[in-house]
Amino acid sequence: MPPGSLVYVGDVTAERTVVDLIDYTWESVEERTISDPTALEEYRDRDSITWINVTGLHETAVIERIGGIFGIHPLVLEDILNTEQRPKLEDYDETIFAILRMVRYDGAGDLVDEQVSLVLGENYVLSFQEQPGDLFDPVRERIRQPKWRARRLNADYLAYALIDALVDGYFVVIEAFGERIEEIDDRILDESDPQVLGLIRSIRRDLIALRKHAWPMREMASALERSEHSLIQPQTRLYLRDVYDHTVQVIDTLETYRDMAAGMLDIYLSSTSNRMNEVMKVLTIIATIFIPLSFIAGVFGMNFRHMPELEWGYGYYGSLLLMAAVAAGMLVYFRRRGWL
């Protein structure tokens, strides 16, 4: 298909596309859900700051209509609908377009991630996400606060607040990783449960996936902080630098946990091998003790006619005593050599 063709690439996770709007100034806040995208036209040229959050991307006609109202480039709309993009930043004449990855745990405790696209304009921010539920509730609560000083700032600060909320979500996931790693670390040496190996592999898989998103997030934050676009105000660059520092911290922590997960795998395999060696050592000692006993029993079990011991009244008890003495002597020898 030609460039700019609007085709949704992803899983349909929302029943319908929902458009939520928050419009605020220093003095007032307006919140509403938009049923007809045409109603957004009245907010395009307002002096207030408008945040439009779109949930559900499968209704491409709605996305196209919103893009037409705010003059979004067709290639940007194409990237918004392709939910398999890596985080990136693109500057346009009148807008800045950013793709990020939001990571969080779902109700079942599984790590999920989804693409979040942001379009920053002169007095508005558009955010597009696939699934209901996000990490932006703290931002919404701050906007509702009458004394939130950022309500005096431009839309670039709102974009920063949204990006910062997404980056903070990585810290929540990383903290959960730390708890899982500590739990597994305690179980490695106490038991040889095969489930431990599955847990380690699951952690390594999630860490690799998280690292794959964190590295381009750092590049995106760095590019945004160094951007010379007129939409980014000097006072906002300081906050963007803080976001960049947070992404670096996320990556450093991920690298540490990945090394710890690799170390836990080596420890688990070594522990399992040591347990197997202990079992083999015990079995080898038992077999070694019974080798001379079997020899003795075999000698006296031969069917030669002229064997003096066969006619001895205490021959049976003597053979048992000889076997016991040999076994005891071998155990003493093994003990002195440190094999037991």
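Residues numbered from 1 in each chain as written. Predicted model: local features only at pLDDT ≥ 70, side-chain atom pairs only at ≥ 80, totals over all residues. Heavy atoms only, no water.

Peer 1: Outline the environment of G56, listing residues and values.
Peer 2: Following the sequence through the fold, G56 ends up in the loop between β3 (49–55) and α2 (60–70). C-alpha of G56 to C-alpha of F128: the two residues are 72 residues apart in sequence and 7.7 Å apart in space. (Helix = DSSP H or I, 4+ residues; strand = E, 2+ residues; numbered from the N terminus.)

Peer 1: Let's hear about helix α4 (residues 137–144): which residues, and what values?
Peer 2: Among the residues making up α4, those that are buried are V139, R140 and I143. Along the axis of α4, the buried positions cluster into a sector of 100°, meaning they face one direction only. For α4, the elements touching its buried residues are β1 (18–24), β2 (29–34), β3 and α5 (155–188). (Buried < 20%, exposed > 50% of the residue type's maximum accessible area, 1.4 Å probe, protein only. Arc of directions from axis to C-beta. Contact = heavy atoms within 4.5 Å.)

Peer 1: Talk me through the sheet that holds β1; I want residue IDs and the actual numbers.
Peer 2: Taken together, the 7 strands give an open sheet; going across it, the order is β2-β1-β3-β7-β6-β5-β4, and neighbouring strands pair in mixed fashion. In this open sheet, the two edge strands, each paired with only one partner strand, are β2 and β4 (88–91). Mean inter-strand twist for the sheet, computed between neighbouring axes without regard to direction, equals 20°. Both β1 and β3 contribute to a ladder of 7 bridges, which runs antiparallel. Considered in β3, the bridge of L21 is made with I52. Most of the contacts of α4 go to β3, to which it runs at about 150°, and overall it touches β1, β2 and β3. Sheet contacts for helix α6 (residues 194–226): β4, β5 (96–105) and β6 (111–120); angle to β5, the most-contacted strand, approximately 150°. (Pairing = 2+ DSSP bridges. Axes fitted to C-alpha atoms, helices over the stretch in contact; angles between N-to-C directions.)

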